[in-house]
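Residue-level structural notes
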Amino acid sequence: MKGIEVKNISKSFKDTQALRNVTLTFEAEKIYGLLGRNGAGKSTLLNIISNRKYPNEGYVSVDGVPSAENDEALRKMFLINEMNLYPESMKVKDAFKVTKTFYPSFDEANALKLSEMFELNIKKKIKSLSTGYQSIFRNILALSVNVPYVFFDEPVLGLDAYHRDLFYRLLIEKYSEEPFTAVISTHLIEEVANVIEEVIIIKKGEILKNQSRDSILENSCTVSGTISQVDSYVASLPAKAEVIGSDVIGGLKSVYICGDDGARLPEGLERSPIDLQKLFIQLTSM
Amino acid sequence: MKKILKYQCFDLAKALVVYYLVILLIISLAVIGMNVAGGTERSGLGFSSEFFCLIVGLCMFREYFYLFMQNGVSRKKIFAGACMCLVILSAVMSAMDVLALYILEALPAANVSYMTISSTLYSGYVNNAGPVLRLLVELVISFLVMYVFFVVGYLISICFYRSPKPGKIGIAVGLPLLVVGGMPVLMVAFPEVFARLMSFFLFIMGYSDTSSGNPFIGMVTLIVLSLVITGLSYRAVKGAQI
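Residues numbered from 1 in each chain as written. Chains lettered and ligands numbered in written order. Predicted model: local features only at pLDDT ≥ 70, side-chain atom pairs only at ≥ 80, totals over all residues.

Looking at an unreviewed UniProt entry, one finds chain B named ABC-2 family transporter protein, with Claveliimonas monacensis as its source organism.

Per an unreviewed UniProt entry, chain A goes by ABC transporter ATP-binding protein and derives from Claveliimonas monacensis.

As a further point, take the overall build of chain B. Helices and strands together make up the secondary structure of chain B, namely nine helices and two strands. Starting at the N terminus and ending at the C terminus, chain B contains elements arranged as α-β-α-α-β-α-α-α-α-α-α. Expected size for 242 residues packed as a compact globule is a radius of gyration near 18 Å; at 20 Å, chain B falls within 12% of this value. When the backbone C-alpha atoms are referred to their principal axes, chain B occupies close to 55 × 45 × 35 Å. Across the 242 residues of chain B, 33% fall into the buried class. Partitioning the contacts of chain B with sequence separation of at least 6, the portion at a separation of at least 24 is 75%. (Helix = DSSP H or I, 4+ residues; strand = E, 2+ residues; numbered from the N terminus. Rg over C-alpha atoms; globule rule 2.2 N^0.38 Å. Buried ≥ 20, exposed ≤ 12 C-beta atoms within 10 Å, placed from the backbone. Contact = placed C-beta atoms within 7 Å.)

This paragraph deals with the overall build of chain A. Looking only at helices and strands, one finds 10 helices and 14 strands in chain A. Considered along the principal axes of its C-alpha atoms, chain A spans approximately 65 × 40 × 35 Å. Considering chain A as a whole, with its 286 residues, one finds that 38% of them fall into the buried category. Sequence separation of at least 24 residues holds for 68% of the intrachain contacts in chain A that already meet a minimum separation of 6.

Residues and elements named next belong to chain B. In this numbering, the UniProt entry assigns the feature "transmembrane region" (unreviewed entry) to residues 12-33, 45-66, 78-104, 139-161, 173-204 and 216-237. Counted over residues 12-33, helix gives 100% and strand 0%. Its end C-alpha atoms are 32 Å apart. Counted over residues 216-237, helix gives 100% and strand 0%. Its end C-alpha atoms are 31 Å apart. (UniProt positions renumbered as here; feature names shortened; annotations may be inferred.)

Let us look at the interface of chain B and chain A. With 16 residues of chain B in contact, the opposing surface of chain A contributes 19 residues. Mapped onto the side of chain B that touches chain A, the elements with two or more residues apiece are α1 (2-37), α2 (48-70) and α3 (75-106) of chain B. Its residues placed into classes, the side of chain B that touches chain A shows six nonpolar, five polar and five charged. (Nonpolar A, V, L, I, M, F, W, Y, C, P; charged D, E, K, R; others polar.)

Residue and element names in this part refer to chain B. Between helix α6 (residues 131-162) and helix α7 (residues 165-189), whose axes approach to 7 Å, the crossing angle comes to 145°. Two secondary-structure elements touch here, α6 through I156, C159 and F160 and α7 through K168, I171 and L175. Across the contact of α6 with α7, the residue classes tally to five nonpolar, no polar and one charged. (Axes fitted to C-alpha atoms, helices over the stretch in contact; angles between N-to-C directions.)

What follows deals with unusual backbone geometry. Residues and elements named next belong to chain A. At E29, a residue that is not glycine, the phi angle is positive and equals roughly 60°. When you line up the elements, E29 lands in the loop between β2 (16-26) and β3 (31-36). Backbone geometry at E69 places phi at a positive 60°, although glycine is not the residue there.

All names here are of chain B. Over its 14 residues, helix α8 (residues 191-204) extends 20 Å from the first C-alpha to the last, a length consistent with the 20 Å expected when each residue adds 1.5 Å. Of all 14 residues making up α8, only zero are buried, and the element is barely covered by its neighbours. Two residues or fewer past α8, G206 is found with a positive phi of approximately 95°. (Expected span 1.5 Å × (residues − 1).)

Taking the UniProt record as the reference, the feature "domain: ABC transporter" (unreviewed entry) is found at residues 4-229 of chain A. Segment residues 4-229 of chain A splits into 35% helix and 31% strand. End C-alpha atoms: 46 Å apart.

This next bit is on the sheet that holds β2(A). All names here are of chain A. If you walk across this open sheet you meet the four strands as β2-β1-β4-β5, and the pairing is antiparallel. The sheet is open, and its two edges are formed by β2 and β5 (65-66), each paired on a single side. Contacts from helix α1 (residues 42-49) reach β1 (4-13), β2 and β4 (57-62) within the one sheet, and its direction differs from that of β1 by about 120°. (Pairing = 2+ DSSP bridges.)

All names here are of chain A. Within the fold, V255 resides in strand β13 (residues 252-258). With 23 C-beta atoms packed within 10 Å, V255 lands in the buried category. V255 sits 25 residues away from V230 along the chain, and the two C-alpha atoms are 7.6 Å apart. Excluding residues that lie within four positions of it along the chain, V255 makes contacts with V223, V230, V234, V243 and S246.

Attention now goes to the domain arrangement of chain A. Residues and elements named next belong to chain A. For chain A, the assigned domains are domain 1 (4-212) and domain 2 (219-285). Here the C-alpha centroids of domain 1 and domain 2 sit 35 Å apart. If you look at the interface, domain 1 gives 11 residues, while domain 2 gives six residues. For the side of domain 1 that touches domain 2, the elements supplying multiple residues, two or more each, are β3, α7 (189-192), β9 (198-203) and β10 (206-212). Among the elements that line the side of domain 1 that touches domain 2, the one with the most residues is β9, at three residues. Residue composition of the side of domain 1 that touches domain 2, by class: six nonpolar, one polar and four charged. (Domains from an automatic or database assignment.)

On to helix α6 (residues 161-177) of chain A. Its 17 residues place the ends of α6(A) 24 Å apart at the C-alpha level, agreeing with the 24 Å of an ideal helix rising 1.5 Å per residue. Tucked inside the fold, the buried residues of α6(A) contact α4 (108-118), α5 (131-144) and β8 (181-185) of chain A.

Right, let's talk about the sheet that holds β10(A) for a bit. Residues and elements named next belong to chain A. Taken in spatial order, the six strands make up an open sheet running β6-β7-β8-β3-β9-β10, and their pairing is mixed. Strands with a single pairing partner mark the edges of an open sheet, and in this sheet they are β6 (77-80) and β10. Across the sheet, the mean angle from the axis of one strand to that of its neighbour is 15°, orientation sign disregarded. Where strand β7 (residues 149-153) and β8 come together, five bridges link them in parallel fashion. Looking across to β8, one finds that V150 is bridged to A182. Sheet strands touched by helix α10 (residues 276-285): β3, β9 and β10. Its angle to β9, the strand with the most contacts, is close to 25°.

Okay, structure coming up:
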């Protein structure tokens, strides 16, 4: 089976339960958005998948093979996060060479080309780079490593709007040339919404949603109207529909609904699409 | 595996070259100084190699662990690579130290001697042994002692990395205090305990029945010690997380 399978993963740190029985699959050649509030367990999940942390329970398999302490499986993955694991005194160009040593598929020429595009000085030591350029350095590694599964944990941390846009464009370009599985964990949902195909929303260590972006957005909506009309509509919703939040301004009420196609919407109520960020806020604020 | 080993060996070779250049400089200055001033000097400079091994061992876990984990290497490979690198470094350093010992002995103008652990600990034995046996004992004892120092440093650094903050403080403060302060205190306050510890140390190093000591018993002890500390290090590395 192609893809990464995460099965019944639980992880706790002292008295904090970071992940609770998480089961999900990252299919091959898809772009995932791993969304969650601070401390939701996104980074812990990615660290466990990439063998940096051990789970208390459960296992991860890559292409059907358990990945823990398995060099062959680990070579198919690359995780970048806000933590720089390269020696601080190492220069950027040397880091490219070292990565090439361990990942023979690493495209050094592409890394140099991207460095020029991002105006990253490859002669500089990694520790002397600003927060934004450290993110750029890691993103360049991830975009040049050419492995089937790449995890981007907060890839745009400290990046200005121009560099964020450039990163997303390069990611899509790379994906369209040679598809791979990209998992992007970020707080900037609006920006990433048009890049991702699949959405995984995690809250307090549990998976709330795991479906395609299009289906999640098609089946979610905002219904607005007078309070009484909206309340009676909500009461008539089928069991599969779920009200995930509401706002009241004056005599008007808006409810955010998942799993409702709006086919039985009475007159006087307005149905409007909900964007991913709004959906995320409503889902994770409860 | 080859890649990990190659990277570490090349990286540590720089430190090794600097270390031996410094040693060469000190020896040269000592030889010139003693020739000008007259007299002879028995130098314990060779012992500094063991401290160099300890320091390198202390420094080499975290940086390589991070780098290799970032680049998809498993802990068992990281550990195996580190051990092989330490074995190679121990072999190179023991050869260098023994070479320094022999060169300084052979040079007529060199009135400075270069002492190593083996030449000091088993001086009675090596002085009476044939040249081949002497060389063998010098090399093997030096190699094993250096490996033990390396791996002790490595184990301490893993324990330090894995410990919570109070444990880190305990290791950082406690260990130097124990070595620098603990031993003299033990020697003065509890001379009997210290004497027993010393006689136990001498016993396991082969000083039970001969005045010159038996280096082969010392070798067995050092091999056992190396295996035990390496085993403990493996367990510690296996549990390390980022």
